[in-house]
Every structure is written in structure tokens, then in C-alpha cells.
Amino acid sequence: MTDLPGLDLDRLGTYLEDSVPGLVGGPLTGSVIPGGRSNLTYDVTDGETHVVVRRPPLGHVLATAHDMRREFTVINALGSTNVPVPHAYVLCEDTDVIGSPFYVMSKAEGRALRRAGELEELGPERTADIAGLLIDTLADLHAVHPASVGLEEFGRPQGYLERQVRRWTKQAEASKSRDLAGYEELRDFLGTHVPTHSDATIVHGDYRLDNVLVDTSPDGKDAITAVLDWEMATLGDPLSDIALTIVYQEMGRSTRNNAVADATAAPGYPTVDEVLERYSSRSGRDVSTMGFHLALGYFKLAVITEGIHYRYTQGQTVGDGFSRMGAATEPLIAAGLASART
């Protein structure tokens, strides 16, 4: 039995035998599932049954940023809805088992589509269909009444947007190491234009194509089999969710061949207007005043890319593409300002 970084398979096996009898049996093997940017994800098997284990990153400091209970709670709650999520087996908050909290869920079939070439192989018609499914699934999530699945206390929807602006401004200041054209203007706009009223639903908080699994069936009947990476989920404004999805979409188109997923650059992927029209039709929500939400979404991504740039310049981040992430910050700020002025 070969252990994995951050996961003692012997101890995990003993724990699962006691907590979920019959789920797996015998010696366990596993591998790290690539692609995650924060929490670690493992495919673990006894040779017949596969399960997925999620734990915080090695050496994590901010426990609230990688909250296993949060992810487990929302996945477990949504299991009774038509939002596709893995089955949640067990949450373990005893750090004596593997050294950190973790949870175990079923392994969903499908693949995370990150690169334009993966969609180009399917053709523009299927690309458009998959994008449509992505938007429909988000609208379906926003249609779930939190109280109906026991999530009425899952977050604090009152003041959600104000807290988002404060949080991302604080993060921006913490990683600011150079002058950025338009930064102060965008920051000030967000601070003074928070909508006075917003709807409250379950929000994913990081919804994009490569955070879902897609079953690209040989018969062309593609389907989303699971929505993943719920660590940012809470109760909040659903328009912030669709706005961030659009921002990721546009960033993928403008920063190809970077560390950012660029699948949305594939021919057939819908335009911003088409995405908003589909979301509005499915959800019944008014999307005519998206300026603030898109500006906030671009600001978030600008803060993230600038944070990566800062860590790269400090020698704290290595890997293909990270050296170019800093070049995306000012275009994101500019896009945020353009959205703010609409």
C-alpha cells in the first residue's frame, strides 16, 4: 500500500471500515486527482469500488478558506434535488485520522473540460449544448429554496454583497505590489454602488465549466454528472454567481495558453448575451442590471491573478503559465470598469 501526500491509506481504510461498513474493503490504493487549485482531491479504490476523498491543502493555515464541513453540508443537502452532486458518505473532523478534516463522496463519471481543444473535438453544436447545460444547472441550483433542504442557516444573505466587496478589497490590498491602471477607480465604484436589494439563494461561489464533470457520451447525449468544488458556497445573491461564470468565460477567451482554463474559447461557446438570455429564461430573473455584479466578478479575478503574480515574484508559486498571470490583471480591471459604466 503506497500512501499519498496528505493521505494515510491505512488509517483511512480503518476509519471507513468503522464509519461506513461495506463501502470499501481490503487494501486501498489511490491517486491525486489533478486540477484543483486549493483543496486536495484523491481517487481511492479497493480494486472494485472507487470513492473520492477531499481534504485541505498541505500546510493550510486558514481553516475557514478550506472548510470541509461546508462542502460536505451543501453536497449532502443537494443530494435530494435535481442539482447533480456526488453522494456524500461521511465527514470526518477528527484530525487524528489523516492529520486534517476530510470527507468522502462517491466518484462521479465524466471529465472536467478545461481546454478549448477538448470542446473543439466535439464540435460547435455540442459545445453550445454543454454550455447551455452549464447555465441551466446553475439556474436550477438557484431555484432550490434553502429551507427545503435544511440550508436556511447556511450563510448570512443580509449584507452578502457588502461583505464580498470588503473581503476582496482587503485581499487586493494584501497582495498589491505595483501600480495598476484603474484599480482605485474600480475599487471605489464597488464600494459606493452596492445594490440596496438582492435576492438570496444558495450560491456556488466559483461556478465555471471546469468545476463540473461532463459525460461526453459517444452518442452525443452530453450531460453534467456532478457540480464540484463547493468550498465557497453560501447563501447570497444569485446574480453574483452567473456574473462570475461569465467573467471566467471571458477570461478564458482573452488569456489563452495561460494557466487559466480556456475551454470557453472553443467555437460554438455562447456569447455573454446568449448566456444571460438562457439564464434569465431558465431562472425567471431580471438580468438587465448586471453592471455591478460583472464589475465585482472582474475585480475578484483581478485580485486572484494579482495574488498569483505577487506570489510568483516572491518565488512562492511555480508551474507553467504562472509567470504570465500578472499580465491579466489590468485587462480584468479594465473589463470591470467597462461593466461598471454600462
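Residues numbered from 1 in each chain as written. Predicted model: local features only at pLDDT ≥ 70, side-chain atom pairs only at ≥ 80, totals over all residues. Heavy atoms only, no water.

### Some words on the pattern of salt bridges
Right, so step 1: For the coordinates displayed, the defined rule picks out 20 salt bridges.
Right, so step 2: When the shortest N-O distance is used, the salt bridge between glutamate 71 and arginine 54 registers 2.9 Å. Of the two residues, glutamate 71 sits in helix α2 (residues 68-78) while arginine 54 sits in strand β3 (residues 50-55), which places them 17 residues apart along the sequence.
Right, so step 3: One continuous salt-bridge network, built from bridges that share partners, spans Arg54, Glu71, Asp229 and Glu231. (Salt bridge = Lys/Arg side-chain N within 4 Å of Asp/Glu carboxyl O. Helix = DSSP H or I, 4+ residues; strand = E, 2+ residues; numbered from the N terminus.)

### Comments concerning the packing of helix α4 (residues 124-143) against helix α8 (residues 272-283)
Right, so step 1: Look at α4 against α8: their axes get within 9 Å of each other, and the N-to-C directions meet at 40°. When the axis of α4 is compared with that of α8, the two are oblique. Two packed elements cross with a definite hand, and for α4 against α8 that hand is right-handed. Residue-level contacts link Gly132, Leu133, Ile135, Asp136, Ala139, Asp140 and His142 of α4 to Val275, Arg278, Tyr279, Arg282 and Ser283 of α8.
Right, so step 2: A per-class count over the contact of α4 with α8 returns five nonpolar, three polar and four charged. (Axes fitted to C-alpha atoms, helices over the stretch in contact; angles between N-to-C directions. Parallel < 35°, antiparallel > 145°, perpendicular 65-115°, else oblique. Left-handed = near helix turned anticlockwise from the far one by under 90°. Contact = heavy atoms within 4.5 Å. Nonpolar A, V, L, I, M, F, W, Y, C, P; charged D, E, K, R; others polar.)

### With respect to unusual backbone geometry
Right, so step 1: Although it is not a glycine, aspartate 229 sits at a positive phi angle of roughly 60°.
Right, so step 2: Looking at where aspartate 229 falls in the secondary structure, it is placed in the loop between β8 (223-227) and β9 (234-236).

### Let's talk about the sheet that holds strand β4 (residues 88-92)
Right, so step 1: Read from one edge of the open sheet, five strands run β1-β2-β3-β5-β4, paired in antiparallel fashion. In this open sheet, the two strands that pair with only one neighbour each are β1 (29-32) and β4. With strand direction ignored, the average angle separating the axes of adjacent strands in the sheet is 20°.
Right, so step 2: Direction of pairing for β3 relative to strand β5 (residues 102-106): antiparallel, over a ladder of four bridges. Bridge pairing in β5 places valine 51 opposite serine 106.
Right, so step 3: Here helix α1 (residues 9-19) sits on the sheet and contacts β1, β2 (40-45), β3, β4 and β5; the angle it forms with β4, its principal contact strand, is near 115°.
Right, so step 4: Across the sheet, α2 touches β3, β4 and β5, and the angle it forms with β4 is around 155°. (Pairing = 2+ DSSP bridges.)

Function-wise, these values are silent; they only describe arrangement.
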